[in-house]
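# Structural overview
Next come the chains, spelled out residue by residue.
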Amino acid sequence: MSNQTLSRRHFLKTSGLIGGGVVVAVALPGCAFQGPHPIEVADSGFVPNAFLQITPDNNVIFYCPSDEMGQGIRTGLATIVGEELDVDPATMLVKAAGSHEDYNNPEFGVQGTGGSNAVRVFYEPLRQVGADTRALLLNAASLELGIPSDQLRTDRGFVIVGDNRYPYGDFVETASTLEMPVASPLKAPSDFQYIGADAPRIDALAKATGTASFGIDADLPGMVYAVVVRPPVAGSKALKYDDSAARVAPGVQAIVPVSSGIAVIAEGYWQANQAAKKLTVVWEENALSAVTSQQVRRDLKTALDADDDTESTHEGDPDKAFAAADMILETDYYAPFLAHAPMEPLNATLHITEDGAELWTGVQFVGAAQGVLERLTGLPRGDIKIHNQFLGGGFGRRATLSHIVEVAEIAMSIDKPVQLLWSREDDLRHGFYRPAAMMKIKATTDEEGRVTAWQARRSGANITAQTMKNALPGVLPSMPTSLLNGLVGVMDYVFDNWAVDGSSVEGLHETYSLPSYRVSHASVDHGLPTTFWRSVGHSYTSFAVESMMDELAEARQIDPVALRLKNLEGKPRMQNVVAQAGKLMADMSVPETHHLGFAAHSSFGTDVAQIAEVSVTNGNIRVHKVTCVVDCGLAVNPDIVRAQLEGAVMFALTATLYGQIDLDGGAVVQSNFHNYPILRMNESPAVDVVIINSDTPPTGIGEPGVPPLAPAVANAVYRATGQRLRDLPLQLT
Amino acid sequence: MITFSLNGDSVSFTGDPNTPLLWVIRDEFKLKGSKFGCGAGLCGACTMHLDGSAIKTCVLPVAAAADKAVTTIEGLGNPEALHPLQSAWVEHNVPQCGYCQSGQIMAAAALIAEKPGASGDDIDQAMSGNICRCGCYPRIKAAILSVAGSALGYDATAVEARS
Ligand code: FES
Ligand code: FES
C-alpha cells in the first residue's frame with residue numbers, strides 16, 4: 001500500500017443488487033465515504049450511487065459523474081472506463097449520476113463539472129474502476145467455469161474460453177459475492193482499442209431526434225409554471241409592487257415575492273409570461289444604479305494609472321531590466337462584460353412533498369444544488385433527489401445556483417410541482433457575467449526578441465469571491481447564514497486588500513519563459529454579479545499578452561512566430577505547438593486580400609496555437625478560416641477534441657466581433673439576440689484542427705480553444721489595415 | 001377551438017388562440033423535442049414545419065396553424081426510423097449540447113425538401129436564422145451537404161453539372 005500513489009489509493013466495493021446486476025462503487029481519494037453503499041432499488045430502476053452496473057442480460061450501465069453540457073464528457077468517460085472493462089463504449093448505456101459524494105470531482109471535493117478538468121482527473125480512477133471490475137468478473141468466471149482466471153480472456157463484454165463466449169452478465173451473481181480486486185494492472189497505451197480512436201458521440205442519436213431530455217423538458221402531473229420579475233439593477237429590492245392586474249390575468253394562480261424579485265405562477269408558461277408584464281414594481285436604488293459602461297472602463301483605467309495594485313507574483317527584477325532597456329512598450333487592452341447565453345435558458349422543476357424533494361434541472365454543481373435545497377427546505381439531504389439532465393449549454397453559467405434558490409422559494413409557497421423558466425431577456429439581463437478587464441502590459445525585449453522584462457497588471461472585478469458567495473450556501477448547507485456572510489465578507493476583504501484572486505490574472509505570464517516579470521492586480525467591483533465564463537481569466541488575458549507579443553515583434557522587426565519561439569525555452573510542449581503552427585502558417589497561400597494572424601496560449605494544462613485568416617471590407621472583419629494546433633496530451637476521442645476546438649472558435653469569435661454587455665443606469669442594456677448577437681452559420685469560418693500526437697495523460701479541452709482566437713484575429717486585422725485594435729469587441733474606426 | 005394536424009394526427013386546442021404554437025406543442029401536446037431559445041424569432045430553436053415550410057413557432061400564434069399541417073422533430077423521424085438528415089447528424093457527430101439541434105434539423109429538412117441539391121451558399125442562407133451557441137456550424141453544414149444530392153432519390157450528377 002505504502003508505495004501506491006495517492007490517486008491509486010482508492011478502493012472498490014461490490015454490492016449485490018437483486019435483479020439489478022453488480023454495482024461497483026469507487027471512493028476516490030479525498031472522499032469521506034467509508035461505510036456500506038446505500039444502494040436502493042426503485043420502481044423506476046436503480047437509484048444510482050456507483051459508476052457501473054452490469055445486468056444479468058449483459059447491459060452495461062455507466063453512471064457518469066460529470067455533467068454533459070456539450071463537451072462530450074459522457075462519451076469521454078465511458079470510453080475511459082470501457083477501455084479497461086473491455087466493453088465497447090458505444091454499447092453502454094450512459095446515465096447522469098445522481099447526487100452522492102462518491103461522484104465528487106476529485107479536485108473540487110464537491111460534485112461538479114468545470115475547469116476543463118473531468119477527463120484529466122477521472123482518467124486514472126475510472127480506468128482503475130474498469131480494470132478492477134473486469135478482474136472481478138474474471139474471478140467469478142474462473143469459479144463458475146472451473147478454469148484458472150489467467151486462462152480466460154475478455155472481448156467486448158464477453159469472457160472468452162477457446163471458442164466459447166460467455167457474456168459478463170452470466171457472472172454478475174457470483175461476482176456480487178466476491179471481494180473486489182484492487183490495483184489490477186492497467187493496459188499499456190499501445191493496447192488501447194477505444195481510447196485514442198474516433199468514435200461516435202454516445203448522445204448524438206438522442207440529440208438528433210429530439211429525444212434527449214433537458215431540464216426544460218421536465219413535465220409532472222399538475223405542474224404549474226413560474227416566471228420571476230427581477231430588478232433591472234442587480235441586487236436591488238422591491239420597495240412596493242402592484243399585482244392587481246396580473247392577479248386576474250388568465251391562468252394566474254399566485255404571485256409571491258421571492259428574494260430575487262416577484263414570482264408569477266400560472267397554469268402555463270405563456271400565461272405566466274404575459275401576466276408578469278402586467279406587474280408594476282418600484283425598485284430601490286443601490287450602489288450599482290448610477291453605473292454606466294463608460295464609467296466602468298474609466299474606473300478600471302484610473303485604478304491602473306493609480307499604481308497601487310497588489311502583486312500576484314514576480315520573478316527576477318523587472319524594474320532593473322526596464323531601466324536598462326533601449327525600447328519599452330506599454331499598452332492598455334480592454335475587454336468588456338460578457339454574458340454566457342447558453343442556448344437553453346435557465347430553468348428548474350421542483351416537487352416538494354412530505355417525503356422529500358425532487359429537482360429536475362441542468363447544473364454544473366449537482367452537490368451544491370442539493371445543498372441549496374437542504375438549506376432552504378430543511379429536508380434531510382438523503383430525501384432530496386436531483387435528476388440532472390442534459391445541459392443545453394453551460395459555459396460556466398450553470399455553475400451558479402440562483403435559479404435553484406428561486407425555484408425552492410417558489411415551490412415552498414405553493415402545494416404543487418413547479419417549473420421555473422427564465423426568458424432570454426432574463427438570461428441576458430439578470431445573469432452573472434464575465435467581468436470587464438483593463439490590462440496594462442509593459443514589456444521589453446533584447447534585439448533578438450527575447451523578452452527581458454514583463455509587467456502585466458489587471459483591474460476589474462474578481463470572480464472567485466462572488467462565485468463562492470453564490471455557491472457556499474449550497475456547499476455548506478448547515479452553516480448558519482450569519483456565519484456564511486461573515487466568511488464571504490472576509491473573502492472580499494482579502495481579495496480587495498492582500499491577495500490576488502488567481503482567476504483574475506491567470507494567463508498574464510504563464511505561457512512563456514520570462515526571465516523577469518511582475519503580475520499585479522487592482523480590484524474594482526461595481527457590483528454586477530460575475531462568474532466563470534468559458535476559459536475565465538484566460539478569455540481576456542490572452543488578448544493582451546498575445547497582442548503584445550505581436551507588437552513587440554513589430555517593434556523589433558522580427559517574425560511574430562520566431563519571437564514567440566525565442567520565449568519558449570524550457571516549455572517544450574508549447575514550443576512544439578508554436579513551431580508546428582508556424583510551419584503551417586508559412587506554407588499557407590491565401591488570396592491577396594486575406595491576412596493571417598497568429599496567437600498561442602496555454603490554459604487548463606493544454607497548449608493551443610491558432611492562425612486566423614481574415615479579410616476586411618468596408619470596415620467589416622470577416623474570418624474565413626481558423627487553423628488550430630493543439631497538444632492536450634492523449635486525445636481520448638480525437639473527434640470530440642476537434643469538435644471542442646471548432647466550437648471554441650465560434651464561441652470566441654462571437655466575443656471577438658460582437659460580445660459586449662453594457663450598463664446604463666446600472667441595468668444591462670442587451671436583452672435578446674438582436675442586440676447580443678451570436679455568430680451565425682453564414683459568418684462562421686472553416687476550422688482545421690491538428691492534434692499533436694501524444695501519449696501523456698490527457699489535459700483540458702473544453703476551454704483552451706477560446707483564449708487565442710481574439711488576439712489571432714486582432715493580429716490579422718493589424719496586418720490587413722495597420723490598425724492595432726486593443727479593445728474587445730474588435731471595431732475598426 | 002383550433003384544429004390542426006400534428007405529425008399526421010388531427011388535434012385541437014381550446015385555449016387562448018394567441019398562445020404561440022411552441023407552447024401549445026410542448027405543454028399541451030407534450031412533444032418536448034422543439035425548444036425555447038429566445039421567444040422572439042431570433043434563434044430558430046423552436047423551428048417546426050407548417051405545411052412543409054420551416055417556421056419559428058415561438059412567435060406564431062396557434063391560431064395561424066388552424067387547418068394546417070404541423071410537423072415537429074418527432075414527426076420527422078425517430079431513433080428507429082431516421083430521416084436522412086438525422087442519420088447524417090449522427091455520422092458527422094454534429095451535436096454538442098444538442099439544444100439547438102431539433103430546430104437546426106427542421107430548418108435543414110425544409111431546405112432539402114425544397115432544394116434537394118442545396119449548395120453551400122444555399123445552406124448558409126437557409127440556416128442563418130438558427131443559432132448554435134456551441135458552434136457546431138461546420139458539422140451542421142457538412143451533414144446537410146452530405147445529404148444534399150445524395151438522398152431522397154435526388155440525382156447527384158445534376159449537382160455536378162450545375163457546379
Ligand atoms: S425560440 Fe423561437 S426563434 Fe428563438
Ligand atoms: S449544440 Fe448547443 S446550441 Fe447547438
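Residues numbered from 1 in each chain as written. Chains lettered and ligands numbered in written order. Predicted model: local features only at pLDDT ≥ 70, side-chain atom pairs only at ≥ 80, totals over all residues. Heavy atoms only, no water.

Before going further, it helps to spend a moment on the overall build of chain B. Looking only at helices and strands, chain B has seven helices and five strands in total. A compact globule built from 163 residues should have a C-alpha radius of gyration of about 15 Å, and chain B, at 16 Å, falls within 12% of that. With respect to the principal axes defined by its C-alpha atoms, chain B has extents near 50 × 30 × 30 Å. For chain B, buried positions account for 53% of its 163 residues. Accessible surface, chain B as shown: approximately 6,000 Å² in total, 51% of it carbon and sulfur. Of the side chains in chain B, 11 bear a positive and 15 a negative charge, and the two mean positions are spaced by 8 Å. (Helix = DSSP H or I, 4+ residues; strand = E, 2+ residues; numbered from the N terminus. Rg over C-alpha atoms; globule rule 2.2 N^0.38 Å. Buried < 20%, exposed > 50% of the residue type's maximum accessible area, 1.4 Å probe, protein only. Areas by Shrake-Rupley, 256 points an atom, 1.4 Å probe, with all protein chains shown as cover. Lys, Arg positive; Asp, Glu negative; His and termini not counted. Charge placed at Lys NZ, Arg CZ, Asp CG, Glu CD.)

The helix and strand inventory of chain A stands at 19 helices and 30 strands. A compact globule built from 733 residues would reach a C-alpha radius of gyration of about 27 Å, and chain A, at 27 Å, matches this within 12%. Classification of the 733 residues of chain A by burial places 61% in the buried group. If you take every contact in chain A between residues at least 6 apart in sequence, the share linking residues at least 24 apart comes to 76%. If you sum the accessible surface of chain A, you get close to 26,600 Å²; carbon and sulfur atoms cover 51% of it. Between the averaged position of the 54 positive side-chain charges in chain A and that of its 84 negative side-chain charges there is a distance of 3 Å. (Contact = heavy atoms within 4.5 Å.)

What follows deals with the nonpolar core. Counting residues in each nonpolar core, the largest one holds 188 residues, and the members touching the most others are A:Trp454, A:Leu552, A:Val713, B:Phe4, B:Trp89, B:Ile140 and B:Ile144. Among the elements that make up this core, the one with the highest residue count is helix α18 (residues 638–657) of chain A (ten residues). If near-sequence neighbours (up to four positions away) are discounted, B:Trp89 is found in contact with A:Ala208, B:Val94, B:Pro95, B:Gln101, B:Gln104, B:Ile105, B:Ala108, B:Ile140, B:Ala143 and B:Ile144. A:Leu52, A:Leu85, A:Ala118 and A:Ala140 belong to the second largest nonpolar core, which has 44 residues in total. (Core = buried A, V, L, I, M, F, W, Y, C linked by side-chain atoms within 4.5 Å.)

The next subject is the side chain of A:Asp155. Residue and element names in this part refer to chain A. Checked against the element boundaries, Asp155 lands in strand β8 (residues 153–155). Given a relative accessible area of 16%, Asp155 falls into the buried group. Within the structure, the side chain of Asp155 is placed 3.1 Å from the side chain of Arg165, a separation counted as a polar contact. (Polar contact = N/O pair within 3.5 Å; in protein donor to acceptor, adjacent residues only side chain to side chain.)

Taken together, the contact pairs 48 residues of chain B with 57 residues of chain A. Between chain B and chain A lies a buried interface of about 4,400 Å² when both sides are counted; carbon and sulfur atoms form 61% of it. Between A:Asp639 and B:Arg139 there is a salt bridge, and its shortest N-O distance comes to 3.0 Å. Linking chain B with chain A are 25 residue pairs in polar contact (both at pLDDT 80 or more), by the criterion used here. (Buried area = accessible area lost by both parts, 1.4 Å probe. Salt bridge = Lys/Arg side-chain N within 4 Å of Asp/Glu carboxyl O.)

Buried residues dominate helix α6 (residues 269–276) of chain A, accounting for six of its eight residues. Turning to α6(A), its buried residues are A:Tyr269, A:Trp270, A:Ala272, A:Asn273, A:Ala275 and A:Ala276. Lining the buried residues of α6(A) we find β11 (224–229), α5 (244–247), β13 (252–258), β14 (261–266) and β21 (418–421) of chain A together with α1 (21–28) of chain B.

Before going further, it helps to examine the pattern of salt bridges. For the structure on display, the rule yields 43 salt bridges over all chains. The partner of A:Asp219 in a salt bridge is B:Lys32, with the nearest N and O atoms 2.7 Å apart. In this pair, A:Asp219 is assigned in the loop between α4 (204–208) and β11 and B:Lys32 in the loop between α1 and β3 (47–50), connecting two distinct chains. Taking the relative accessible area as the measure of exposure, A:Asp219 reaches 24% and is therefore partly exposed. Of the charged contacts in the structure, one is a salt bridge between A:Asp727 and A:Arg297, with a shortest N-O distance of 2.8 Å. With A:Asp727 in the segment after α19 (709–721) and A:Arg297 in helix α7 (residues 293–305), this residue pair connects regions lying 430 residues apart in the sequence. Via salt bridges that share partners, A:Asp198, A:Asp639, A:Arg642, A:Glu646 and B:Arg139 belong to a single interconnected network.

What follows deals with the domain arrangement of chain B. Residues and elements named next belong to chain B. Each assigned domain of chain B is listed here: domain 1 (2–76) and domain 2 (84–162). For domain 1 versus domain 2, the separation of C-alpha centres amounts to 22 Å. Between domain 1 and domain 2, the residue contacts involve 18 residues of the former and twelve residues of the latter. When domain 1 packs against domain 2, the two sides together hide about 1,200 Å² of surface, and 61% of this comes from carbon and sulfur. At the boundary of domain 1 with domain 2, the tally comes to zero salt bridges. Taken together, the links from domain 1 to domain 2 amount to six residue pairs in polar contact (both at pLDDT 80 or more). For the side of domain 1 that touches domain 2, the secondary structure elements donating two or more residues are β3, β4 (53–56) and α2 (73–76). Classifying every residue of the side of domain 1 that touches domain 2 by side-chain character gives eight nonpolar, eight polar and two charged. (Domains from an automatic or database assignment. Nonpolar A, V, L, I, M, F, W, Y, C, P; charged D, E, K, R; others polar.)

It is worth spelling out the confidence of the model for chain A at this point. The predicted coordinates should not be examined in detail at positions where pLDDT is low. Residue and element names in this part refer to chain A. Taken as a whole, chain A shows an average pLDDT of 90; of its residues, 93% reach a score of 70 or greater. The low-confidence segment residues 1–20, where pLDDT is below 50, has 62 contacts with residues more than four positions distant or belonging to other chains. In the model, residues 25–49 has pLDDT below 50 throughout and makes 64 contacts with residues more than four positions away in sequence or in other chains. (pLDDT = per-residue confidence, 0-100.)

Here we take up a negative patch on the surface. All names here are of chain A. Taken together, Glu354, Asp355, Asp383 and Asp415 make up a surface patch of like negative charges. Positionally, Glu354 belongs in the loop between β18 (347–353) and β19 (356–361). Note on Glu354: relative accessible area 82%, which makes it exposed. (Patch = residues over 30% accessible without salt bridge, like charges linked within 9 Å, V, L, I, M, F, W, Y side chains within 5 Å.)

Turning next to the sheet that holds strand β25 (residues 595–603) of chain A. Neighbouring strands of a sheet are bound in pairs by backbone hydrogen bonds; such pairs are parallel or else antiparallel. All names here are of chain A. Pairing within the open sheet is mixed, and its four strands lie in the order β25-β26-β27-β30. In this open sheet, the two strands that pair with only one neighbour each are β25 and β30 (686–691). Along the sheet, successive strands turn relative to each other by an average axial angle of 20 degrees, direction set aside. Note that strand β27 (residues 620–631) and β30 share six bridges and pair parallel. Looking at β30, one finds that Thr627 is bridged to Asp688. Lying on the sheet, α18 is in contact with β26 (606–617), β27 and β30; it crosses β30 at an angle near 135 degrees. Against the sheet, α19 makes contact with β25, β26 and β27, and its axis sits at roughly 155 degrees relative to β25, the strand it touches most. (Pairing = 2+ DSSP bridges. Axes fitted to C-alpha atoms, helices over the stretch in contact; angles between N-to-C directions.)

Residues and elements named next belong to chain A. What the domain assignment lists for chain A is domain 1 (5–209), domain 2 (215–286 + 340–430) and domain 3 (294–338 + 435–721). Contacts between the two partners involve 15 residues from domain 1, matched on the other side by 14 residues from domain 2. With both chains or domains summed, domain 1 and domain 2 bury close to 1,200 Å², and 57% of this area falls on carbon and sulfur atoms. Looking at the side of domain 1 facing domain 2, the largest losses of area belong to Asp67, Met69 and Ser99, adding up to 42% of the total buried there. Taken together, the links from domain 1 to domain 2 amount to zero salt bridges. Taken together, domain 1 and domain 2 are joined by four residue pairs in polar contact (both at pLDDT 80 or more). Considered class by class, the residues forming the side of domain 1 that touches domain 2 number four nonpolar, six polar and five charged.

What follows concerns the packing of aromatic side chains. On inspection of all chains with the given rule, the structure shows twelve aromatic pairs over all chains. Between A:Trp533 and A:Phe651, the ring centres sit 4.8 Å apart and the planes meet at 45 degrees, which makes this aromatic pair tilted. Here the residue A:Trp533 occupies a position in the loop between β24 (517–523) and α15 (538–556), and A:Phe651 occupies one in helix α18, the gap between them amounting to 118 residues. Take A:Phe651: its relative accessible area is 1%, and that puts it in the buried class. Cluster of aromatic residues (ring-pair linked, three or more members): A:Phe214, A:Phe390 and B:Tyr99. Sitting over the face of the ring of A:Phe158, A:Arg165 holds its NZ or CZ atom 4.6 Å from the ring centroid. (Phe/Tyr/Trp six-rings, centres within 6.5 Å; stacked < 30°, edge-to-face > 60°. Lys NZ or Arg CZ within 6 Å of the ring centre and 35° of its normal.)

Residues and elements named next belong to chain B. When pLDDT is averaged across chain B, the result is 92; 91% of the residues are at 70 or more. Every residue in residues 151–163 scores below 50 in pLDDT, and together they form 13 contacts with partners more than four places removed in sequence or on other chains. Our summary of model confidence lists the complex with pTM equal to 0.93 and ipTM equal to 0.93.

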